[in-house]
Amino acid sequence: MGYDIIVKVKKEVENVDFLSGVAGSHLFNAIMIPVQVIIIFFTFYYFVLSMFGLYRKREEKILTPEKSFALVVAAHNEEAVIGPLVENLLGLDYPKDLYDVFVVADNCTDKTALISKNAGALVHQRFNNEKRGKGFALEWMFHRLFKMERQYDAIIIFDADNLVNEAFLTEMNSKLCQGHQIVQCYLDSKNPFDTWVTNTFSITFWLSNRLLQLARYNTGRLSNILGGTGMCISSKVLRDLGWGATSLTEDLEFTMKALICGIKTTWAHDAIVYDEKPLTFMQAWRQRKRWAQGQVDVAGRYFFPLIIKGVREKKLMYFDAAVHLFQPALVMIATFFMLTNVIAALQPHYTHVFSLVMPWSGWQIMSAIQYVYPVAALALDRIPWRAYIGLILYPIFIYSWIPIVFLGFIHRKDKQWSHTKHTRSIKYDDVVKQVKQKKVSTN
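Calculation rules
Residues numbered from 1 in each chain as written. Predicted model: local features only at pLDDT ≥ 70, side-chain atom pairs only at ≥ 80, totals over all residues. Heavy atoms only, no water. Phe/Tyr/Trp six-rings, centres within 6.5 Å; stacked < 30°, edge-to-face > 60°. Helix = DSSP H or I, 4+ residues; strand = E, 2+ residues; numbered from the N terminus. Buried < 20%, exposed > 50% of the residue type's maximum accessible area, 1.4 Å probe, protein only. Pairing = 2+ DSSP bridges. Core = buried A, V, L, I, M, F, W, Y, C linked by side-chain atoms within 4.5 Å. Contact = heavy atoms within 4.5 Å. Axes fitted to C-alpha atoms, helices over the stretch in contact; angles between N-to-C directions. Polar contact = N/O pair within 3.5 Å; in protein donor to acceptor, adjacent residues only side chain to side chain. pLDDT = per-residue confidence, 0-100. Disulfide = S-S within 2.5 Å. Parallel < 35°, antiparallel > 145°, perpendicular 65-115°, else oblique. Left-handed = near helix turned anticlockwise from the far one by under 90°. Salt bridge = Lys/Arg side-chain N within 4 Å of Asp/Glu carboxyl O. Expected span 1.5 Å × (residues − 1).

## Observations concerning the packing of aromatic side chains
Enumeration according to the criterion identifies 21 aromatic pairs in this entry. Ring geometry for F205 versus W291: centroids 6.4 Å apart, planes at 65°, classification edge-to-face. One end of the pair, F205, is in helix 6 (residues 196-219); the other, W291, is in helix 9 (residues 281-313), with 86 residues separating them in the sequence. A residue is classified by how much of its surface remains accessible, and W291, at 25% relative accessible area, is partly exposed. Geometrically, the ring pair formed by F303 and F326 is tilted, given 5.7 Å between the ring centres and 35° between the ring planes. Linking F303 in helix 9 with F326 in the loop between helix 10 (316-325) and helix 11 (327-341), this pair joins segments that are 23 residues apart in sequence. Overall, F303 belongs to the buried group, its relative accessible area being 18%. Here the aromatic cluster, defined as three or more aromatic residues joined through ring pairs, consists of F41, F42, Y45, Y46, F303, F304 and F326.

## Side note on the pairing of strand 7 (residues 231-234)
In summary, the side chains of a regular strand alternate between the two faces of the sheet. Side chains M231 and I233 project from strand 7 onto one buried face, and the interleaved C232 and S234 project onto a second face that is buried too. Bridging between strand 4 (residues 154-159) and strand 7 involves four bridges; their strand directions are antiparallel. Within strand 7, the residue paired with A154 across the bridge is S234. Looking at chain direction, strand 6 (residues 182-189) and strand 7 are connected through three bridges and run antiparallel. By the bridge assignment for strand 7, V183 is matched with C232.

## Describing unusual backbone geometry
Working note: non-glycine residues mostly have negative phi, and peptide bonds are mostly trans. Of note in this structure, K314 is not a glycine but carries a positive phi near 55°. Looking at the secondary structure, you find K314 in the loop between helix 9 and helix 10. At R382, a residue that is not glycine, the phi angle is positive and equals roughly 55°. Looking at the element boundaries, R382 is found in the loop between helix 13 (360-380) and helix 14 (394-399).

## A word on the nonpolar core
Judged by nonpolar contacts, the single largest core of 37 residues is most densely connected at F69, L71, F168 and M172. Elements represented by at least two residues in this core include exactly strand 1 (69-75), helix 2 (82-90), strand 2 (99-106), strand 4, helix 5 (168-177), strand 6, helix 6 and strand 8 (266-275). Of all hydrophobic cores here, the second largest spans 29 residues; its members include I39, L259, L330 and I333.

## Quick notes on the sheet that holds strand 7
If you trace the eight strands from one edge of the open sheet to the other, you get 3-2-1-4-7-6-8-5, paired in mixed fashion. Two strands bound the open sheet, and with one partner strand each, they are strand 3 (122-126) and strand 5 (163-164). Of the pairings in the sheet, the one linking strand 2 to strand 3 comprises five bridges and is parallel in character. Following the sheet pairing, F102 is matched in strand 3 by L122. The sheet contacts of helix 6 involve strand 6 and strand 8, and relative to strand 6 the element is tilted by about 150°.

## Overview of the side chain of T340
Tracing the chain through its elements places T340 in helix 11. Side-chain polar atoms of T340 contact the backbone oxygen of F337, separated by 2.6 Å.

## Here's the deal with the confidence of the model for the protein
Put simply, the protein has an average pLDDT of 87, and 83% of its residues get 70 or more. Every residue in residues 439-443 scores below 50 in pLDDT, and together they form seven contacts with partners more than four places removed in sequence or on other chains.

## Structural notes on the state of the cysteines
Taken as a whole and assessed by the stated rule, the structure comprises zero disulfides. The thiol sulfur of C185 is not disulfide-bonded, and the nearest other cysteine sulfur, from C232, lies at 9.9 Å. By relative accessible area, C185 is classed as buried at 0%.

## Observations regarding the packing of helix 8 (residues 250-260) against helix 10
Running from amino to carboxyl end, helix 8 crosses helix 10 at an angle of 155°, the nearest separation of the two axes being 11 Å. In terms of orientation, helix 8 lies roughly antiparallel with respect to helix 10. The interaxial crossing formed by helix 8 with helix 10 has left-handed handedness. Together, L252, M256 and L259 of helix 8 and M317, Y318, A321, H324 and L325 of helix 10 make up the contact between the two elements.

## As for the pattern of salt bridges
Inspection of every chain in the model, using the stated rule, returns 19 salt bridges. Through salt bridges with shared partners, a single ionic network connects R56, E59, K61, E171, K175 and D270.

## Remarks on helix 4 (residues 134-146)
Between its first and last C-alpha atoms helix 4 spans 18 Å; for 13 residues at 1.5 Å apiece the expected length is 18 Å, and the two agree. Of the surrounding elements, those touching the buried residues of helix 4 are strand 1, strand 2, strand 3, strand 4, helix 7 (235-241) and helix 8.

Here is the structure:
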């Protein structure tokens, strides 16, 4: 009898273990199926979106200068690069009486203000140890601009390390005359071949310009995303909405703030800003970590309002903006999926949706997005062949986003601004030579 009891108890334990295993398997499957569906959705979404960036639409441009501009440069200890920028801006191919150059010397302890003034800019010095960062400096300057006797049709924001193509204001004037209120320019690189980091960093910008920004513009339905510099905003929009973008990613924040109010951003592919990319991996790491923190912060405030507005108004541009904000979460979800795939013991315990929905051709699409698309972006915008060398280390740069995004999520409430030091003092004439060499090398 004692033996029978032991056998019965053993069977009961085995049954409990079995049921527990089934329940655990179902729970794991319930997690893994949505994870795979999310990854598949975003893969196909960006694949379809990028198709719109494979061509340039013919644009009718208004070449007669009409709009007036306040060019605002937010600068913190930028004595090494501010001079060439001011000289460059004052020499643009646009009537000089239709624009002024303003430099906000924000908490500067160097000669930024003096160099800017000597170069011909209108300098405004700001000192505030509590409200630090580009967003606060811009808000302070906008209030000043609106109180001035002279008023401008639009305000364009630059960073101190920038250089600008001569037709920049002509392109922005055309967009404003066509009725657009917020415009983002093409973000190029002024030092793409300094180090492997500047090369790979430049590739990510070239890819975004062509297959994301131009693609969104070509659809005619989506809003572009402001990129931190080369941003043109009508004075009316700034007055009506107020700036208020003081997060670590003030550009993304204002994009979403305006979009929630129904004002979308457009794209000017021929208005070009040459931006200085960080020279070292750690400089790039700190800058991208700040971006990740800011994007997680902005996503937390605007993701669901955009989804709700998209449902109510049945407009794709709100869903697309929400998709953009979801990127940090997508990185974390995809990382979780990759980790589960390296553990062989977990494979039998969930349904492999990828094998059902995305057979061989689907994986080819994913590979194209990761590897072929950067090549396509470089070729379509006629980037010099030497830039392709950066594709060798490009995967290292891309996958380094994984820990950066996780750190950005962890430190999302940290609003302390981290300044990127700029040292690459290049004159616009040198950039022009690079552009001419690019055209020669690709013809």
